[in-house]
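# Chains, contacts and geometry: an overview
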Amino acid sequence: MAVGKENTEVAAAVPMDKGGEILKPRTDKREYRRIVLKNSLQVLLISDPETDKCAASMNVSVGSFSDPEGLDGLAHFLEHMLFYASEKYPEEDSYSKYITEHGGSTNAYTSTEDTNYHFDINTDSFDEALDRFAQFFIKPLMSADATMREIKAVDSENQKNLLSDSWRMRQLQKHLSREDHPYHKFSTGNMDTLHVQPEAKGIDTRSELIKFYDKHYSANIMHLVVYGKESLDKTQCLVEGMFQEIRNTNKSVPRFPGQPCTQDHLQVLVKAVPIKQGHKLTVSWPVTPSIHHYEEAPCMYLGHLIGHEAEGSLFHALKHLGWATSLYAGEADWTMEYSFFDVSVSLTDAGHEHMQDIIGLLFRHIKLLQQSGVSQWIFDELSAISEAEFHYQAKIDPISYVVDISSNMTIYPTKHWLVASSLPSKFNPEIVQKILNQLSPSNVRIFWKSNNFEGQTDKVEPWYNTAYSFENITELTIQEWVKSAPDVNLILPTPNVFIPTDFSLKDVKNKETFPVLLRKTPFSRLWYKPDTKFFKPKAYVNIDFNCPLAFTSPEAAVLSNTFTAGLDYGLSISDDGFELYLVGFNHKLRILLGAVMQKIAKFEVKPDRFSVVKETMTKAYQNYKFQQPYQQALSYCSLVLQDNTWPWTEELDALSHLEAEDLASYVPMLLSRTFVECYIAGNVEKNEAESMVKYIEDVLFSGPKPISRPLFPSQFLTSRVVELGKGMRYFYHQEGSNPSDENSALVHYIQVHQDEFAMNSKLHLFSLIAKQATFHQLRTVEQLGYITSLSRSLKAGVYGVQFIIQSSVKGPGHIDSRVESLLKDLESKIYKISDEEFKSNVTTLIDMKLEKHKNLSDESYFYWEQIQNGTFKFNRRDEEVAALRELKKEELIDFFDEYIKVDAPKKKSLSICVYGSQHVKELASDKDEVASHFTEIQDIVGFRKSQPLYGSLKGWNQLKL
């Protein structure tokens, strides 16, 4: 049945606004135009002649707050249903199929007051995609058959969230609010709310769905953003022809006045039991929504002062006391009617024991801010940072851009559709003081979550079954906590020395297309790529410290991790040691690099700090068992395939025995031999890049007793991957590590080849053709689970494909058989592919591979990956496109027959089966079934050590100087 009737009252055409008032970044060359169609649909057109992806986003001003009584999740369910089919395009899933097959992606989300639909696609397929998209809002089909299947998909989506602490805590905060306010509702929906309960009451969910659509989906409360390659005039004609048929019922945007919290929900202390290990304190206040004063930015100002981390800050004091590992402050849930300002603190075990002191220090800090008054220089500093970030912002993917803008259009005046709340420009102490005064003990909500509360609670939140207790807490009690808190020196921040003031662009003499090897010594190698495309005053610096000792054992891996965690400052573990990553305005980046290198060189193990880092890491390891089942399966897959990796259980055991002196003796050994691989790009001159690397060498390698010495040729670490046997099928079966999780998961991995342009192109083309068919069959038709995907896999230069499915309805053994069945269906699809369809897919893939980098980070990530993998194939895209242009249909079929299909002679597959509590009883029989036909992996590390490895692409001869 088509939903929606013709609108008999056509709204008068509204005069076109050329969009000259829209404030845009100074460096933005794109053109913008606001138009209003005759049905009152507001549209922003964007013309970008340089783009190779087009995109659109429609924001409908109705969300879960409008769910009818007794049908929680209906708005979210409708969002799912609109993807199925329309009267004009009745083939099920044809919208998603068309977009996927033409290099695009599609998604949607439902929030409290909005539902947002969006897609992107290759430019030459945009017109038809846009027409298909428009039909969502003109005459969608909502078949009875699809209705029940998609209710199962919504239920599966909810199932994956049930053991997520962020979802659980958010619902608990909503639960402790007025029952007659929509904030209190359950917004996702599940089988119970969308089928069982309505059916018991004689309510037909599909009929209610259609009613909801008819009632709320009106053109006058929709906002559309269209991002195209063509001129504004041409795009305008396109949009007017496609979208003016959307009905306009002159619906008002639903409003929900009133505050979610009464006095009964304030001055409360809520203790909750999380799933994961750890303690967290969230202090929340209802405040005036800052959206009404977004140019004055009161919450941004206060979030900056309460959340900053320099000496004298609240976080610095808590960290010094060993009580906290992170602190965030800022506006959280908000609408035009209400808002909450939150301060969230991740606590150590000691911090958990000093909760009252932490609350006391927080209110003491707020009092300091009240007494100090609102500072003009701090506001000006925030304003300067924000202005620089806005005017020199990097381009992002068109799909992300249109989503941001379409949601802004419902809230901000036209002038600020692009800038939203990101440019504080009006200094108004009274408004900031007003919000500050609302952060008082009289209207505070304290949410304190910890596993220590297990067995000490007396209430249960109904949707996620979160155990909690609730008690009132008086102003007098909080005042006593303020008085008894330790005496620490809390002060306002000093001016930020890292704020850039020079935004000039360097005069680049050599317009290098690819990175060049600018400098090499026995200590380091520097790859350099000046900015010749983006023309922003920004730089990108990546430095990899190749340290042979980093992963020689579980203990070494844990100590390396502890070292980087203790330093922080943008350091992380890499495949062969650790990595420093800096990106931002180039003006003060050299100063920041110097500060970080001094921290590395003068690394000192402080026992109290070590204890905090060890405790944090211990909890992180313990929380591995609470990962989603599909994440567990992916971890097992990596453990089977990747050399020099260790089970997290062994690393946790090693960590438990480590002390501060172990780290103190390890770090000098770790740094004693290293090679520094550098990539510097952006608005940086050659001599500046060389100067940075020389400085690093001076810090590490100079002096009579240097911190580091160069690596021996045999010491360079390389990442290698197990080469699975041809014609072999391997299985690994494992019970899910969280017995409370009903979901099971399968990763079905097919290993194909080591990096080679022609093979890469064949594999990518197969995955493009198979991707939507996989999703349609396993997710849409069979409803195995919300998480269903087919993607390419790349591990240390070895390519493959992997099917990932997580399910609460079927076990991994059954799912694996369905993947095998799907591969048989794909065999027919590949064999029968027409010449025209083959060419169309090749063209789509060529367009995808030739897609330009959007910004400096995007470009640098691509080149850094080539350096890290040791391939140095900076022209990879062009070479793979050249291979695609030569590819014949018969070669794709031969490739499929040889490597992918069920009985392919060179096929190498690995199925990782993780069993949730619903299906654990099937594990033994599934293993017996496998053992009689295929190869069962009993011991992951033992298996890996018994198998040959692919040769490394990053061999010593490539590093020879």
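Residues numbered from 1 in each chain as written. Predicted model: local features only at pLDDT ≥ 70, side-chain atom pairs only at ≥ 80, totals over all residues. Heavy atoms only, no water.

All chains considered together, the criterion is met by 0 disulfides. Of all cysteine sulfurs, the one in C237 lies closest to C54, which takes part in no disulfide; the gap is 16 Å. There is no disulfide at C547, and the cysteine sulfur nearest it, in C678, is 13 Å away. According to the relative accessible area criterion, C547 is buried, its value standing at 0%. (Disulfide = S-S within 2.5 Å. Buried < 20%, exposed > 50% of the residue type's maximum accessible area, 1.4 Å probe, protein only.)

Turning our attention to the pairing of strand β16 (residues 516-520). Sheet analysis places β16 next to strand β17 (residues 524-530), joined by 4 bridges and oriented antiparallel. Following the sheet pairing, V516 is matched in β17 by Y528. Connecting β16 to the next strand, β17, in antiparallel fashion are 3 residues. (Pairing = 2+ DSSP bridges. Helix = DSSP H or I, 4+ residues; strand = E, 2+ residues; numbered from the N terminus.)

The next subject is the pairing of strand β21 (residues 675-682). Burial of β21 is extensive: 8 of the 8 residues sit out of reach of the surface. Across the two faces of β21 the burial is the same, with F675, E677, Y679 and A681 and V676, C678, I680 and G682 all buried. In terms of strand pairing, strand β18 (residues 538-546) meets β21 through 8 bridges, oriented antiparallel. Looking across to β21, one finds that V541 is bridged to I680.

Turning next to helix α2 (residues 94-101). Within α2, 7 of the 8 residues are buried, which leaves the element mostly enclosed by the surrounding structure. Among the residues making up α2, those that are buried are S94, Y95, S96, Y98, I99, T100 and E101. At its buried positions, α2 is contacted by β5 (105-110), β6 (115-122), α3 (126-134), α24 (757-781), α25 (812-831) and α26 (835-849). Positive backbone phi, at 75°, marks G103, one or two positions downstream of α2. (Contact = heavy atoms within 4.5 Å.)

In this section: the sheet that holds strand β25 (residues 798-807). Taken in spatial order, the 6 strands make up an open sheet running β24-β25-β23-β26-β22-β27, and their pairing is mixed. Each end of this open sheet is capped by a strand with a single partner; those strands are β24 (787-795) and β27 (935-936). In the sheet, β24 pairs with β25 via 9 bridges, with the strands oriented antiparallel. Its bridge partner being in β25, S791 is matched across the sheet by Q802. Across the face of the sheet, α25 comes into contact with β22 (728-735), β23 (744-754), β25 and β26 (908-915) while running at roughly 45° to β23. (Axes fitted to C-alpha atoms, helices over the stretch in contact; angles between N-to-C directions.)

This paragraph deals with the UniProt feature "domain: Peptidase M16 N-terminal" (unreviewed entry) in the protein chain. Here the UniProt feature "domain: Peptidase M16 N-terminal" (unreviewed entry) sits at residues 43-177. Along residues 43-177 the backbone is 40% helical and 23% strand, and the end-to-end C-alpha distance reaches 37 Å. (UniProt positions renumbered as here; feature names shortened; annotations may be inferred.)

Bringing the packing of aromatic side chains into the picture now. Applying the stated rule across the entire model yields 48 aromatic pairs. Seen from their ring centres, F523 and F701 are 4.5 Å apart, and the 35° between their planes marks the pair as tilted. Placement of the pair is F523 in the loop between β16 and β17 and F701 in helix α23 (residues 686-701), with a sequence separation of 178 residues. Owing to a relative accessible area of 9%, F701 belongs among the buried residues under this scheme. A connected cluster of aromatic rings, assembled from ring pairs, spans F83, Y95, Y117, F119, F126, F133, F136 and F137. Between R590 and the ring centre of Y695, over which it is positioned, the NZ or CZ distance is 4.4 Å. The ring of F934 has R729 sitting right over it, with the charged end atom 4.5 Å from the ring centre. (Phe/Tyr/Trp six-rings, centres within 6.5 Å; stacked < 30°, edge-to-face > 60°. Lys NZ or Arg CZ within 6 Å of the ring centre and 35° of its normal.)

Turning next to the sheet that holds β16. If you walk across this open sheet you meet the 6 strands as β16-β17-β21-β18-β20-β19, and the pairing is mixed. Of all strands in the sheet, those bounded by a partner on one side alone are β16 and β19 (571-574). Here the strands of the sheet are splayed against their neighbours by 20° on average, with no regard to which way each runs. Bridge analysis of β19 against strand β20 (residues 577-585) gives 4 bridges, and the strand direction is antiparallel. Across the sheet, the residue bridging to I573 is F578, located in β20.

Moving on, we come to the environment of E820. Examined against the element boundaries, E820 turns out to sit in helix α25. By relative accessible area, E820 is classed as buried at 10%. Residues E820 and F545, 275 residues apart in the sequence, show an inter-C-alpha distance of 43 Å. Excluding residues within four positions of it along the chain, E820 makes contact with R729, H748, V902 and K907.

Membership of the largest hydrophobic core comes to 53 residues, with the highest contact counts inside it found for F133, F137 and F243. When neighbours within four sequence positions are excluded, F137 is seen to be in contact with M58, V60, Y117, Y213, Y217, M222 and I246. Core analysis: the next-biggest nonpolar cluster, separate from the first, contains 51 residues, Y528, L655, L671 and V684 among them. (Core = buried A, V, L, I, M, F, W, Y, C linked by side-chain atoms within 4.5 Å.)

With 13 residues, helix α18 (residues 589-601) extends 18 Å from end C-alpha to end C-alpha; this agrees with the ideal 18 Å at 1.5 Å per step. Residues of α18 that are buried include every one of L589, L593, G594, V596, M597 and I600, and no others. Buried residues belonging to α18 abut β18, α17 (554-567), β19, β20, α22 (660-672) and α23. (Expected span 1.5 Å × (residues − 1).)

Structurally, the position occupied by H102 is in the loop between α2 and β5. Only 2.7 Å separates the side chain of H102 from the backbone oxygen of Y98, close enough to count as a polar contact. Contact partners of H102, with chain neighbours within four places excluded, come to I121, N122, S125, S840 and T844. (Polar contact = N/O pair within 3.5 Å; in protein donor to acceptor, adjacent residues only side chain to side chain.)

With that settled, the discussion passes to the pattern of salt bridges. Counted under the stated rule, the structure contains 43 salt bridges. Two residues, R178 and D180, come together in a salt bridge whose shortest N-O distance is 2.8 Å. By relative accessible area, R178 is classed as partly exposed at 21%. A relative accessible area of 61% means that D180 is categorised as exposed. Taken together, the shared-partner salt bridges in this structure form one network comprising D52, K53, E851, K852 and K854. (Salt bridge = Lys/Arg side-chain N within 4 Å of Asp/Glu carboxyl O.)

A few words now on the side chain of K449. Along the chain, K449 turns up in strand β13 (residues 445-450). Buried and unpaired, K449 has no salt bridge, with D165 as the nearest side chain of opposite charge at 4.6 Å. Excluding residues that lie within four positions of it along the chain, K449 makes contacts with D165, M169, A272, P274, G278, H279 and K280. (Lys, Arg positive; Asp, Glu negative; His and termini not counted.)

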